[in-house]
Amino acid sequence: MKKIYLILALLVAAGVGYGAAQIQIKMEQVKTITQYAGAPISRYDLGDTECFVESTSHSMFCLRK
């Protein structure tokens, strides 16, 4: 029974390692920043991508143009 747990732990560790290796961070220069009046949302234009950030909850989502 302990062998099964060991094998499962190794499989989970391999999956986590593979997932971490797939994360790529790409730094981009911000072309323009737009802050909307009356809303806690800012729009960052990165050229081919637009990102929207809510300042109160610090959530962000991005859309490709």
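Bear in mind that the values here come from a model prediction, so they are computed numbers and not experimental data. (Residues numbered from 1 in each chain as written. Predicted model: local features only at pLDDT ≥ 70, side-chain atom pairs only at ≥ 80, totals over all residues. Heavy atoms only, no water.)

Undergrad: Got a minute to help me understand the confidence of the model for the protein in this structure?
TA: Detailed reading of the predicted coordinates is not advisable wherever pLDDT is low. This prediction gives the protein a mean pLDDT of 84; 92% of its residues lie at or above 70. Per-element averaging of pLDDT across the protein places helix α1 (residues 2-22) at the bottom with 77 and strand β2 (residues 41-45) at the top with 93. (pLDDT = per-residue confidence, 0-100. Helix = DSSP H or I, 4+ residues; strand = E, 2+ residues; numbered from the N terminus.)

Undergrad: Would you explain the sheet that holds β2 in this entry?
TA: Sheets are built from strands that pair by backbone hydrogen bonding, the pairs being arranged parallel or antiparallel. The strand order across the open sheet formed by 4 strands is β1-β2-β3-β4, and the pairing between neighbours is antiparallel. The sheet terminates laterally at β1 (32-35) and β4 (59-64), the two strands that pair on one side only. Across the sheet, the axes of successive neighbouring strands diverge by a mean angle of 20 degrees, strand direction being ignored. When β1 meets β2, the two strands line up antiparallel, connected through 4 bridges. Bridged to Thr34 within β2 is Arg43. (Pairing = 2+ DSSP bridges. Axes fitted to C-alpha atoms, helices over the stretch in contact; angles between N-to-C directions.)

Undergrad: Help me understand the layout of surface pockets in this model?
TA: Regions of empty space are outlined by a rolling probe, equal in size to a water molecule, passed over the atoms. By volume, the largest pocket is sized at about 200 Å³. As for the largest pocket, its lining consists of Lys26, Met27, Glu28, Val30, Tyr44, Leu46, Cys51, Met60 and Cys62. (1 Å grid on protein atoms, 1.4 Å probe; cavity = no way out; pocket = protein on both sides within 12 Å on 5 of 7 lines; lining within 4 Å. Points joined across faces, edges and corners; volume = space filled by probe spheres on them.)

Undergrad: Would you take a moment to explain the side chain of Asp45 for this structure?
TA: Turning to its location among the elements, Asp45 is positioned in strand β2. A distance of 3.0 Å separates the side chain of Asp45 from the backbone nitrogen of Gly47, its partner in a polar contact. There is a polar contact of 2.9 Å between the side chain of Asp45 and the side chain of Lys65. Apart from the residues lying within four places of it in its own chain, the contact partners of Asp45 are Val30, Lys31, Thr32, Glu50 and Lys65. (Polar contact = N/O pair within 3.5 Å; in protein donor to acceptor, adjacent residues only side chain to side chain. Contact = heavy atoms within 4.5 Å.)

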